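Residue-level structural notes
What follows is the residue order along each chain.
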Amino acid sequence: MGRRRVKIGIIGGSGLEDPANQILKSITEINREDAKNEFGLPSSNLYLGTISGVDVVLLSRHGPGHKVSPTNVNYRANIEALRIAGCTHILASAACGSLSESIDRGQFVIPDSFIDRTIHRKNTFYDGTSEYYSGVCHVPMEPAFDPHMSTVIKQAADKLGISIRKGGTLVVIEGPRFSSKAESNMYRLWGGHLIGMTACPEACLAKEAGMLYALVAMATDYDCWKENECVNANEVVKIFKSNVSKVTKLLVQTVELIGQQNWDQQIDDLHVSIILFY
Ligand code: ADE
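Residues numbered from 1 in each chain as written. Predicted model: local features only at pLDDT ≥ 70, side-chain atom pairs only at ≥ 80, totals over all residues. Heavy atoms only, no water.

As for the site of the ligand
Close to the ligand lie 13 residues, the nearest being Ala95, Cys96, Gly97, Asp221 and Asp223. With respect to the ligand, the side chain of Asp221 contributes an N or O atom lying 2.6 Å from a nitrogen atom. At a separation of 2.8 Å, a nitrogen atom of the ligand approaches a polar side-chain atom of Asp223. In isolation the ligand offers 260 Å² of accessible surface; the protein chains occlude 95% of this area. The element contributing the most residues to the shell around the ligand is strand β5 (residues 89-98), with 3 residues. (Near = heavy atom within 4 Å. Polar contact = N/O pair within 3.5 Å; in protein donor to acceptor, adjacent residues only side chain to side chain. Areas by Shrake-Rupley, 256 points an atom, 1.4 Å probe, with all protein chains shown as cover. Helix = DSSP H or I, 4+ residues; strand = E, 2+ residues; numbered from the N terminus.)

Regarding the packing of helix α2 (residues 75-84) against helix α5 (residues 199-208)
Two measures define how a pair of helices packs: the angle their axes make with one another and the distance between the axes. Packing of α2 against α5 brings their axes to within 9 Å, and their N-to-C directions diverge by 35°. As α2 runs across α5, the sense of the crossing is right-handed. The segment α2 lies against α5, with Tyr75, Arg76 and Ile79 engaging Pro201, Glu202, Leu205 and Ala206. (Axes fitted to C-alpha atoms, helices over the stretch in contact; angles between N-to-C directions. Left-handed = near helix turned anticlockwise from the far one by under 90°. Contact = heavy atoms within 4.5 Å.)

Details of helix α6 (residues 233-242)
What sets the pattern is the α-helix's 3.6 residues per turn: residues three or four places apart point alike. For α6, the set of buried residues is Glu235, Val236, Ile239 and Phe240. Along α6, the residues classed as buried sweep out an arc of 125° about the axis, all on the same side. Within α6, the exposed residues directed more than 90 degrees away from the buried face are Asn234, Lys238 and Ser242. Residue Asn232 occupies the N-cap position of α6, its side-chain oxygen lying 3.1 Å from the main-chain nitrogen of Asn234. (Buried < 20%, exposed > 50% of the residue type's maximum accessible area, 1.4 Å probe, protein only. Arc of directions from axis to C-beta.)

This is the structure we're talking about:
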């Protein structure tokens with residue numbers, strides 16, 4: 001049997017609202033109405049194309065113009081749209097706050113775990129309403145992000161001479177407000193290195209849907225634990241935008257390297273880890 005053809009869903013975060021123009025030249029656009037699925041409308045149109053001969057599907061998490069707040073992102077519709085489009089992998093990017101002295105503004109990080117503090121989101125496909133996702137599913141969240149994809153992201157960054165830190169715990173808050181100083185300090189005590197608002201349930205749903213998922217996080221601020229520092233939304237978007245070309249290069253190089261590997265074992269292992277009770 002030949003190896004599976006990979007297809008990579010790329011989810012652009014804050015500052016990457018218009019990922020198609022940045023990355024793809026010849027694209028097929030699927031209107032979000034046509035990508036609507038049993039979980040609803042995805043955040044944006046889907047842009048299908050190739051990067052170095054590898055099939056990709058681009059999706060903007062917050063929609064064009066960053067109109068959808070982290071709580072209101074329809075994560076299930078987004079992930080399901082990518083699954084239906086045939087994706088085997090999801091490569092996501094997100095702006096995050098730094099909770100660590102050693103993670104500077106503009107630094108890239110590939111998180112390897114998370115602490116989920118979200119409270120208002122549908123965090124499973126297996127809620128008893130879906131025929132496709134029927135039964136009860138308890139997915140293991142270790143590893144929280146695919147380690148093989150994470151290694152490839154690191155290799156891509158090294159190849160491009162982009163500094164990136166591999167590993168770190170991402171605290172995911174509900175938002176849309178940022179954290180208080182006491183919360184920020186508490187997350188540091190808990191061992192958090194980064195803070196963001198979107199990786200949960202995105203990473204969890206990708207796993208339930210059987211797609212390998214990894215995240216490139218970019219630190220845009222020091223949240224508010226650090227002296228004389230207090231995050232604000234304009235700053236987050238400004239820092240992310242000033243690094244968009246770097247993020248884009250990194251995603252493109254990562255796609256190219258992913259396309260060179262055989263992922264059959266990783267995909268099979270992921271599918272085996274999804275145990276259902278009927
Ligand atoms: N995204 C970017 N910076 C953030 C912060 N400090 N907290 C939560 N999400 C963020």
